[in-house]
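# Coordinate analysis (summary)
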There are 2 protein chains.
Amino acid sequence: MDSLQPVLAVLARVLVGFAAAFLVPLAWAVGTGEMAEARVWAGGLLLTGGVGLLMRWVLRHHTRELLARDGFLLVTLVWIVLPACAAVPLMFTVPRMTWAPAYFEAMSALTATGATALIGLDGLPVSVNVWRCFLQYIGGLGIILLVVAVLPLLGLGGMQLYRAETPGPLKDDKLTPRIAETARGLWTVYFMFSVACLVAYRVAGMSWADAFMHMCTTMGLGGFSPHDKSFAHWDSPAIEAVAIVFMTLAGVSFLRYFAVWRNRSLGVLARDAEVRSYVTVLVVATVAVTVVLVAHGNYDSYLAALRVAAFHVVSLATTTGYASTDYALWPAFGPVLMIFLGCFASCAGSTGGGIKMVRMLLLLKQARRELVRITHPRAVNPVTLGGGTVPATVIAAVLAYMLIYGASIVGLTLVMLLSGLDLVTAFSAVIVCVNNIGPGLGSVGPAGHFGVLNDFQLWVLSFGMLLGRLELMSVLVLLTPQFWRK
Amino acid sequence: MDSLQPVLAVLARVLVGFAAAFLVPLAWAVGTGEMAEARVWAGGLLLTGGVGLLMRWVLRHHTRELLARDGFLLVTLVWIVLPACAAVPLMFTVPRMTWAPAYFEAMSALTATGATALIGLDGLPVSVNVWRCFLQYIGGLGIILLVVAVLPLLGLGGMQLYRAETPGPLKDDKLTPRIAETARGLWTVYFMFSVACLVAYRVAGMSWADAFMHMCTTMGLGGFSPHDKSFAHWDSPAIEAVAIVFMTLAGVSFLRYFAVWRNRSLGVLARDAEVRSYVTVLVVATVAVTVVLVAHGNYDSYLAALRVAAFHVVSLATTTGYASTDYALWPAFGPVLMIFLGCFASCAGSTGGGIKMVRMLLLLKQARRELVRITHPRAVNPVTLGGGTVPATVIAAVLAYMLIYGASIVGLTLVMLLSGLDLVTAFSAVIVCVNNIGPGLGSVGPAGHFGVLNDFQLWVLSFGMLLGRLELMSVLVLLTPQFWRK
Ligand SMILES: [K+]
Ligand SMILES: [K+]
């Protein structure tokens with residue numbers, strides 16, 4: 001394919017930009033006197049930036065405007081190469097670190113999954129935790145760009161469903177100008193929420209350092225924490241409330257906030273089918289888990305149960321993955337329901353993972369339509385979304401997506417089982433990685449960590465996180481021979 | 001709805017016919033001197049036949065030809081009422097039997113699921129085991145009729161996919177003549193295989209009684225056994241080989257055997273895409289499990305591993321559920337793979353459960369098509385099956401089916417978890433019931449039984465078996481308000 005060099009040329013520019021990210025842990029390390037770490041971050045900056053500049057120079061005669069088709073290769077390459085750059089410094093800053101968990105940790109950060117292979121987080125140099133958390137913030141920026149600006153241009157992703165057209169890339173469209181324009185607006189919204197979140201965490205009682213790191217992992221719906229105990233480190237209702245508010249906000253499409261701003265009215269959110277379903281699901285699940293926790297005797301008072309239920313339902317349904325208690329000890333209904341919600345509850349266009357609420361709505365409408373058609377075969381009963389009729393081809397595409405999603409989960413689970421894991425650990429690890437949720441069940445539950453897995457298992461899960469974050473198709477399309485044909 | 005009485009009138013006739021089934025355990029009990037049980041079977045005959053005759057008399061002015069729409073109600077009613085009739089005698093013949101496990105057992109028999117709530121099978125009166133097993137034989141007869149003759153007329157079921165038309169019931173078609181004609185041919189094939197299977201089991205070393213009972217549960221792909229140890233009772237390669245052959249045969253559409261007979265050639269089978277995939281899946285899975293068992297050290301020799309792998313792969317993939325060893329002790333990859341195969345491997349038109357291979361083939365083709373369309377949006381690339389193009393509406397129907405299938409499994413699993421079960425038991429129990437496979441994992445594994453579940457859980461699973469056997473839609477359509485409107 002003749003487009004490899006132009007794609008690599010763009011990747012080189014992304015690397016140069018990404019190198020700047022090392023300035024954050026570098027500044028932190030210098031400011032707090034972690035001089036050994038500071039040298040590593042400086043090295044990461046120089047290495048990443050240097051490789052990027054070298055690639056740019058080598059490929060200087062191969063730049064051209066990218067076309068839609070190049071986009072598939074680019075996004076996959078970006079999400080494979082950036083974690084590698086981000087992982088190298090972990091080898092020199094985390095004791096006894098090896099390559100597979102380092103790459104897993106970096107992939108988990110940049111895909112905002114939040115599954116960690118590290119234990120003893122509180123004992124790490126602070127700049128390492130800053131790096132982990134800041135990577136999730138960058139991941140969030142990248143994800144918004146990806147799902148709102150890039151994937152729709154490629155004819156993919158949940159946002160695509162709002163276009164009343166057959167999915168398919170806009171072959172002859174220039175990518176860069178449209179992406180840059182969209183990015184500016186979205187990132188502005190993201191930054192404004194970030195500032196509010198940072199201040200709110202500080203006011204609620206976190207140190208500035210903790211507030212910054214948790215702001216990063218809240219806005220990206222990543223869920224990393226610099227503390228092994230996650231939110232149990234504080235046991236503070238105020239801090240949990242701040243987290244609930246901003247996790248919920250980040251689970252909504254950032255495009256909606258544009259509209260809210262333009263119309264100076266929250267009615268945009270209140271009328272949006274996806275947002276309504278999202279909020280309804282969060283509320284209903286919180287109530288259900290609260291009742292189960294009291295009925296089962298885990299908590300004496302409804303208020304105490306409501307507090308943990310709301311926090312964990314929102315945390316897992318938005319695919320964040322914070323924990324304030326070991327919810328794996330609850331009746332299995334609770335954690336299973338919450339992980340299940342994580343598979344679909346967040347809205348397309350947010351930083352959340354999973355299949356997205358809009359796909360779930362389409363699927364439910366299509367299923368309902370088929371049930372009606374069995375007895376009323378000639379009834380005209382089109383599936384609608386946001387006022388427009390959804391064409392059959394779009395529905396077929398969503399359903400193919402679902403099959404590939406299911407096949408990926410079953411296939412990866414079988415691979416994990418082959419490697420010797422038990423069913424609950426294998427299945428839950430695959431689910432939480434492909435849906436970019438974070439903590440699973442069994443050995444990789446909220447009280448455990450992914451460091452107990454072997455290298456092979458970590459590589460499989462790293463691939464799963466990549467697959468899920470790029471909404472499957474953009475990775476798998478690279479595996480079809482048709483992609484590489486003219 | 002004005003069609004309730006005509007449907008009940010037909011149900012009455014089904015009851016009268018079903019009453020004759022009690023003659024088999026009655027004859028057995030009389031022949032072997034189980035006089036207490038004989039009275040119960042006679043009572044069952046009189047009760048079922050009496051209720052049927054009474055209903056016929058009451059509804060004698062309400063008979064008319066059934067239309068397609070009545071069919072939905074009829075099949076669901078048949079599969080709810082017959083298990084009730086079959087369950088009553090179990091209350092009087094099995095020690096300490098209560099209503100929920102009795103109904104579960106009868107539902108498991110008539111849907112050919114094979115999940116048993118009984119322990120101490122070897123200690124039961126033989127006529128009870130004859131009844132359990134013979135119910136699976138009748139279940140098999142009913143299933144063939146249902147999937148080949150009834151569901152296609154209702155615009156439902158896997159066989160429907162072979163018609164190159166939009167699914168939808170043939171509203172104005174008379175049901176009975178077409179069903180009767182199809183039934184005659186199919187049941188002839190079923191009987192011929194049954195005789196061969198009976199003789200083969202006897203020759204391989206079973207007693208006539210065991211041969212009869214296992215023939216019943218092999219042909220229906222039910223998997224009940226009169227022995228707690230199932231096929232470990234014999235530990236005979238010859239008996240297992242007979243089982244493998246006839247389970248494999250019963251997992252193929254009985255319509256194919258028509259064609260083989262008419263053309264006097266096995267080429268019909270060799271050319272059929274569904275049969276080829278079915279056989280390929282069985283062979284590949286057997287090899288995979290064999291290798292895992294040897295690699296993991298469960299068996300020293302490849303031959304010994306091949307023997308157990310082939311038997312259990314075929315047993316579970318065809319949704320039979322016989323066991324010759326506690327395969328739950330194998331590396332989890334084995335049982336999980338085998339149960340996964342049970343969810344789709346058997347062919348539409350067989351007595352097997354699950355979503356059927358034809359749906360899986362369609363889904364795979366559709367997924368492949370969408371992946372290609374991402375890079376070649378204007379390519380004409382229709383999904384084909386058996387030489388014909390599959391219309392988009394048929395694909396949409398299959399995909400809606402898959403969503404309802406997934407939603408049923410997740411929903412029922414959450415209900416089972418709410419009732420206090422662990423995840424592996426709850427999830428596997430739901431999977432094996434909705435797919436009519438039989439033994440699950442955890443507490444309901446091959447060495448366990450469903451009698452450890454409480455009444456509520458048994459009722460939920462009874463509903464799951466009904467749902468799966470009637471291919472979901474025919475039950476769920478009854479829950480739509482549109483069904484009950486004119
Ligand atoms: K996450
Ligand atoms: K079965």
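Numbering of residues starts from 1 in each chain and follows the order in which that chain's sequence is written. By the order in which they are written, chains take letters starting at A while ligands take numbers starting at 1. In view of the model being predicted, local features appear only for residues whose pLDDT reaches at least 70, and side-chain atom pairs are presented and counted only at 80 or more, with totals across whole chains, interfaces and linings using the full set of residues. Side-chain metrics rest on all non-hydrogen atoms present in the structure, leaving aside hydrogens and water.

As annotated in an unreviewed UniProt entry, chain A carries the name Trk system potassium uptake protein and comes from Ramlibacter cellulosilyticus. Its UniProt record, at the heading Function (unreviewed entry), says of chain A: "Low-affinity potassium transport system. Interacts with Trk system potassium uptake protein TrkA." UniProt positions are given in the numbering used here, feature names are shortened, and annotations may be inferred rather than shown by experiment.

### Concerning the confidence of the model for chain A
Averaged over every residue, the pLDDT of chain A is 88; residues scoring 70 or more account for 94%. Between residues 164–173 of chain A, whose pLDDT stays under 50, and residues either more than four places distant or in other chains, the model counts 35 contacts. Along the chain, pLDDT gives the predictor's confidence residue by residue, from 0 to 100. What makes two residues a contact is simply this: any of their non-hydrogen atoms within 4.5 Å.

### Some remarks on helix α17 (residues 423–434) of chain A
All names here are of chain A. The terminal C-alpha atoms of α17 lie 16 Å apart, and with 12 residues this matches the ideal 16 Å at 1.5 Å per residue to within 8%. Of all 12 residues in α17, 10 are buried, a share of seventy percent or more. All buried positions along α17 are accounted for by Leu423, Thr425, Ala426, Ser428, Ala429, Val430, Ile431, Val432, Cys433 and Val434. To qualify as a helix, a DSSP run of H or I must reach at least 4 residues; to qualify as a strand, a run of E must reach at least 2; elements of each kind are numbered from the N terminus. Expected span of a helix, by definition, is 1.5 Å for each gap between consecutive residues, and there is one gap fewer than residues. Only protein chains enter the accessibility calculation, which uses a 1.4 Å probe; a residue is then buried when its area is under 20% of its type maximum, exposed when over 50%, and partly exposed in between.

### Some remarks on the coordination of the potassium ion (ligand 1)
All names here are of chain A. Within the protein, the atoms that donate to the potassium ion (ligand 1) are Ala112 (O), Thr113 (O), Leu221 (O), Gly222 (O), Thr319 (O), Thr320 (O), Asn436 (O) and Ile437 (O), at distances of 2.2 to 3.0 Å. Only N, O and S atoms count as donors, using a 2.8 Å cut-off from the metal and 3.2 Å for Na, K and Ca, and because water is excluded some sites may appear unfinished. In terms of primary sequence, the donors binding the potassium ion (ligand 1) are separated according to A-T-x107-L-G-x96-T-T-x115-N-I. Linking Ala112 in the loop between α5 (99–110) and α6 (126–153) with Gly222 in the loop between α8 (208–219) and α9 (237–250), this pair joins segments that are 110 residues apart in sequence. Looking at Ala112, the relative accessible area reads 0%, which means it is buried. Under the relative-accessibility criterion, Gly222 is labelled buried at 0%.

### Description of unusual backbone geometry
Residue and element names in this part refer to chain B. Phi angles above zero are rare outside glycine, and Arg96 is one such case at about 55 degrees. Residue placement: Arg96 occurs in the loop between α4 (68–93) and α5 (99–110). For Arg96, a relative accessible area of 80% corresponds to the exposed category. Even without glycine at this site, Glu471 takes up a positive phi of about 50 degrees. Secondary-structure assignment places Glu471 in the loop between α18 (455–469) and α19 (473–476).

### Here we look at the packing of helix α6 (residues 126–153) of chain B against helix α8 (residues 208–219) of chain B
Residues and elements named next belong to chain B. Contact geometry for α6 and α8: axes closest at 7 Å, N-to-C directions at 25 degrees. Between α6 and α8, the angle falls in the class roughly parallel. The element α6 and its partner α8 pack so that their crossing is left-handed. Together, Val126, Asn129, Val130, Cys133, Phe134, Gln136 and Tyr137 of α6 and Phe212, Met213, Met215, Cys216, Thr217 and Met219 of α8 make up the contact between the two elements. Asp, Glu, Lys and Arg are counted as charged, while Ala, Val, Leu, Ile, Met, Phe, Trp, Tyr, Cys and Pro are counted as nonpolar; the rest, among them Gly, fall into the polar class. Here the residues of the contact of α6 with α8 are counted per class, giving 10 nonpolar, three polar and no charged. Under this scheme, a helix contributes an axis fitted over its contacting stretch, all axes are lines through C-alpha atoms, and angles between N-to-C directions fall in the 0 to 180 degree range. In what follows, roughly perpendicular refers to angles from 65 to 115 degrees, roughly parallel to angles under 35, roughly antiparallel to angles over 145, and oblique to any angle outside these ranges. Less than a right angle of anticlockwise turn of the near helix away from the far helix marks a crossing as left-handed, whereas a clockwise turn marks it as right-handed.

### Focus: the environment of Val390(B)
All names here are of chain B. Relative to the helices and strands, Val390 is located in the loop between β2 (388–389) and α16 (392–418). Take Val390: its relative accessible area is 8%, and that puts it in the buried class. Among residues more than four places away in sequence, those in contact with Val390 are Leu362, Val383, Thr384, Leu385 and Ile395.

### Quick notes on the packing of aromatic side chains
Geometry of an aromatic ring pair is reported as the spacing of the ring centres plus the angle between the planes. Within 6.5 Å between ring centres, the rings of Phe, Tyr and Trp (the latter by its six-membered ring) count as paired, and their orientation is classed by plane angle as stacked under 30 degrees, edge-to-face over 60, tilted in between. On inspection of all chains with the given rule, the structure shows 44 aromatic pairs over all chains. Site record: aromatic cluster; members linked through ring pairs are Trp28(B), Phe134(B), Tyr137(B), Tyr190(B), Phe191(B), Phe193(B), Phe212(B), Phe254(B) and Tyr257(B). In this arrangement the basic side chain of Arg359(A) is found over the ring face of Tyr401(A), its NZ or CZ atom lying 3.7 Å from the centre. Distance and angle both matter: a charge sits over a ring if NZ of Lys or CZ of Arg is within 6 Å of the ring centre and within 35 degrees of the ring normal.

### Considerations on the pattern of salt bridges
Opposite charge on two side chains allows them to pair when their charged atoms are near. Residue and element names in this part refer to chain A. Each salt bridge in this description consists of a side-chain nitrogen of Lys or Arg and a carboxyl oxygen of Asp or Glu lying within 4 Å of one another. Applying the stated criterion across every chain yields a total of 12 salt bridges over all chains. In this structure, Arg307 and Glu240 form a salt bridge, with 2.8 Å as the shortest nitrogen-oxygen distance. One end of the pair, Arg307, is in helix α13 (residues 302–317); the other, Glu240, is in helix α9, with 67 residues separating them in the sequence. Given the relative accessible area of 28%, Arg307 is considered partly exposed. Residue Arg256 pairs with Asp272 through a salt bridge whose shortest N-O separation is 2.8 Å.

### Let's talk about the side chain of Thr290(A)
Mapped onto the secondary structure, Thr290(A) falls in helix α12 (residues 273–295). Setting aside chain neighbours within four positions, we find Thr290(A) in contact with Tyr302(A), Ala305(A), Leu306(A) and Ala309(A).

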